[in-house]
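Fold and contact review
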Amino acid sequence: MNFLLFFMGLSVITSYAQEKTTGPIIENYGAVWAVENADYKVDKTLALKVVFDIMGSPEDPSALNRSIETAARFLNMHAQAGVPKEDLKVALVVHNAASKDVMDNPFYEKKYGTKNPNKELLAALKDNQVQIIFCGQSSNSRNIPKEQLIDGVQLSLSAMTALIQLQDQGYRLVKF
């Protein structure tokens, strides 16, 4: 009898188990959990404009920058929750240690001995109208000129300037 109760309990527990999923906007990155019966509901009538301040980076040059992946999670979770894609406006402002993460492969490989693990993710974000803005001050201080950046990365005067301007345009700052 105890054996039967154990398996009945196990089947109830596993029926509630769920997995994180990617998509529908960024297919191979940004897996999120579905949240059923949330008390604080997502307002699907609002445009969500967010700027992520990306300054940290993993020490391992072959590791994906999870702070950059946050943009994919943001897009996927809100699209899964029913927010229209055209109402999701996202920008990344990259500086400090994360500067290396916007380098194109030939330059990244020469410096770190491996391909840039963030290149595909950044391309997928760019393909989905995410602005990727690189700090000009970091560009100069870290010797990463514009010519070494992944296509589509925009060079700004500074991270501070980009963050201020985006917030003046209604973007909300998210910093982890």
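Refer to the structure above for everything that follows.
Basis of the calculations
Residues numbered from 1 in each chain as written. Predicted model: local features only at pLDDT ≥ 70, side-chain atom pairs only at ≥ 80, totals over all residues. Heavy atoms only, no water. Buried < 20%, exposed > 50% of the residue type's maximum accessible area, 1.4 Å probe, protein only. Helix = DSSP H or I, 4+ residues; strand = E, 2+ residues; numbered from the N terminus. Pairing = 2+ DSSP bridges. Right-handed = clockwise from strand over helix to strand, strands pointing away. Phe/Tyr/Trp six-rings, centres within 6.5 Å; stacked < 30°, edge-to-face > 60°. Core = buried A, V, L, I, M, F, W, Y, C linked by side-chain atoms within 4.5 Å. Contact = heavy atoms within 4.5 Å.

**Here's the deal with the pairing of strand E2 (residues 88–94)**
- Burial analysis of E2 places 6 of its 7 residues in the buried class, the great majority of the element.
- Alignment of strand E1 (residues 48–54) against E2, held across 7 bridges, turns out to be parallel. The partner of Val50 across the bridge, within E2, is Val90.
- Handedness of the β-α-β unit built from E1, helix H2 (residues 66–80) and E2 comes out right-handed.
- Relative to strand E3 (residues 131–135), E2 is paired through 4 bridges, and the arrangement is parallel. Within E3, the position partnered with Val93 by the bridge is Ile133.

**A word on the packing of aromatic side chains**
- Summed over the entire model, instances satisfying the criterion amount to 2 aromatic pairs.
- Here Phe52 and Phe74 contribute two aromatic rings whose centre-to-centre distance is 6.0 Å and whose plane-to-plane angle is 75°, an arrangement assigned as edge-to-face. Placement of the pair is Phe52 in strand E1 and Phe74 in helix H2, with a sequence separation of 22 residues. Like Phe74, Phe52 is buried.

**Quick notes on the nonpolar core**
- Core analysis: the biggest nonpolar cluster contains 33 residues, and Leu92 and Leu125 have the highest contact counts within it.
- Every element with two or more residues in this core is listed here: E1, H2, E2, helix H4 (119–127) and E3.
- At 6 residues, H2 tops the list of elements feeding residues into this core.
- Setting aside residues up to four positions removed in sequence, Leu125 forms contacts with Ile26, Ile68, Ala71, Ala72, Leu75, Leu92 and Val130.
- Core analysis: the second largest hydrophobic core is formed by 10 residues, Ala91, Ala162, Leu163 and Leu166 among them.

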